[in-house]
Structure formats: structure tokens, C-alpha cells
Amino acid sequence: CLSTSRYLQKRASMEKKIQELPEIVQQKRLVERLKTGDCPSPPAFFKSFASPPRSPDPQVETLSLEASGMSSDQFLLTLDAAFATCCLHVESRIAALLGEGFYTIGPCGEELLAPAGLVLRDSDPGALHYRHVAVAIARQLRDGKPLEDVLLDRARGYTVSLNDPVTSGRHCAIGGGPSDFVVTSTLASQCPPAVGRALG
């Protein structure tokens, strides 16, 4: 078991390589854009960033939080889940670079799925292969689980820790509540749970 201080020493010794990770580079860009307010509005996004570029949707331009049916508390919860998902991914990449983590498949926009976690009932099964973390985190936060506990549980899963509440260190698996499919690192190991759920 690697102690926190040894992990931090290992991390400090690899700082230059860590700063070169694409996830770190993009995270820095995001933080800078948020600090300066240089975030594209929907019209600018559609014109400059959408692929292929397209005309903005008038409904998107005029959509308000109230019109979406989402309260400000729900919106903030989804932001917490989205940013937590992004930060977990970045930290898992760092842990993998250090040889201490085993999960390196990035979210690639799954942060945007956090609102789906708010509309799913606790009894609704969720099986979003490698696109489930934001949904699961939003569900757990909605149900009152503290963010720190959610983050620690995810980190334990990424590092195959004995303290991982899903597999107790037997496999790199990321799960959530009782209705979440356990997402493992190989598709073959996901077939038995999927068949079991389908058969009831």
C-alpha cells in the first residue's frame, strides 16, 4: 500500500511529465477560460466549435434555467457532478502515469450527462458503458452522499484499492448505487451482469 506522502513524493518527481499530459493541458485551458469569462455563448459555439459548423438553434439561444425545468440547486448539483467527473479523470490519468492507477479511459464529454442522473429514479438501471460516471455521481449527490465520499470511492476504484466499495480491490470496476451496472475494464466481464439484469 502506497502512503499518501510517498504518492505525493512520486507525483512531485514526475511533475514535468504530468504537466505534459493532454488532460492537464486542457484542464488549464478550461480554468483560464473560466477565470477570464472567455466561454463561448451558444451562437459562438455553433459557429466556431461545432463540427460541422452550423447555424445556431434559436431555441438554444433563448433557453433559460427556468424554462428547462431545472432549479438553481439542481443546476449547481449537475455542475458539481460534471466538474467532479472531469477532475477524477485527470487525477486517474496522473495515477496511471505514476503506475498507481489502472483507469485511463477519459470522459470525452460525459460530464454533460450529469443532468440525466437527476431524472433517473433510484430503481432505474444505468448501463452507460464508460459514459456513466457523471450520471452516477449526480444520482449519489442527489441522494445525499457527500461529494468527498463519492470522490474517495471513485479514486479507490481507479486504483483497485482494498477499500473500493464495489470490488474490494479485485478488479478495476467503477460502480455507484444498487441500480448502477458495475462498469469493468473489459467488455467480457460486463456480459454476465447484463444478462442477469435482463433476466430479472
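Everything that follows concerns the structure shown earlier in this document.
Residues numbered from 1 in each chain as written. Predicted model: local features only at pLDDT ≥ 70, side-chain atom pairs only at ≥ 80, totals over all residues. Heavy atoms only, no water.

1. Points about the state of the cysteines
- Scanning all chains against the criterion turns up zero disulfides.
- The thiol of Cys-86 is unpaired, and the distance to the nearest cysteine sulfur, on Cys-87, comes to 5.5 Å.
- On the accessibility criterion, Cys-86 (19% relative accessible area) is buried.
- Exposure remark for Cys-87: the relative accessible area of 39% places this residue in the partly exposed category. (Disulfide = S-S within 2.5 Å. Buried < 20%, exposed > 50% of the residue type's maximum accessible area, 1.4 Å probe, protein only.)

2. Some points on the environment of Leu-21
- Within the fold, Leu-21 resides in the loop between helix H2 (15–20) and helix H3 (22–36).
- When near neighbours in sequence (up to four residues on either side) are disregarded, Leu-21 contacts Arg-93, Ile-94 and Leu-97. (Helix = DSSP H or I, 4+ residues; strand = E, 2+ residues; numbered from the N terminus. Contact = heavy atoms within 4.5 Å.)

3. Looking at H3
- Here H3 spans 21 Å end to end across 15 residues, near enough to the 21 Å set by a 1.5 Å rise per residue.
- Looking at the residues trailing H3, positive phi occurs at Gly-37, about 75°. (Expected span 1.5 Å × (residues − 1).)

4. Some words on the nonpolar core
- Leu-77, Ala-81, Ala-114, Ile-137, Ala-138, Leu-141 and Tyr-158 are the most contacted members of the largest nonpolar core, which has 15 residues in total.
- Residue assignment for this core shows that the elements contributing at least two residues are helix H7 (72–97), helix H8 (114–119), helix H9 (133–142) and helix H10 (147–158).
- It is H9 that provides the largest number of residues to this core, a total of five residues.
- Not counting chain neighbours up to four residues away, the residues in contact with Ala-114 comprise Thr-78, Ala-81, Ala-82, Ala-134, Val-135 and Ala-138.
- The next biggest cluster of nonpolar side chains, apart from the first, holds eight residues, and it includes Ile-18, Leu-21, Val-90 and Leu-98. (Core = buried A, V, L, I, M, F, W, Y, C linked by side-chain atoms within 4.5 Å.)

5. Considering a nonpolar patch on the surface
- A surface patch of nonpolar side chains, amounting to about 500 Å² of accessible area, comprises Leu-30, Leu-34, Phe-75, Leu-76, Leu-79 and Phe-83.
- Where the nonpolar patch is concerned, the elements lending two or more residues are H3 and H7.
- No other element matches H7, which puts four residues into the nonpolar patch.
- Within the element layout of this structure, Leu-79 appears in helix H7.
- Overall, Leu-79 belongs to the partly exposed group, its relative accessible area being 30%. (Patch = residues over 30% accessible without salt bridge, like charges linked within 9 Å, V, L, I, M, F, W, Y side chains within 5 Å. Areas by Shrake-Rupley, 256 points an atom, 1.4 Å probe, with all protein chains shown as cover. Salt bridge = Lys/Arg side-chain N within 4 Å of Asp/Glu carboxyl O.)

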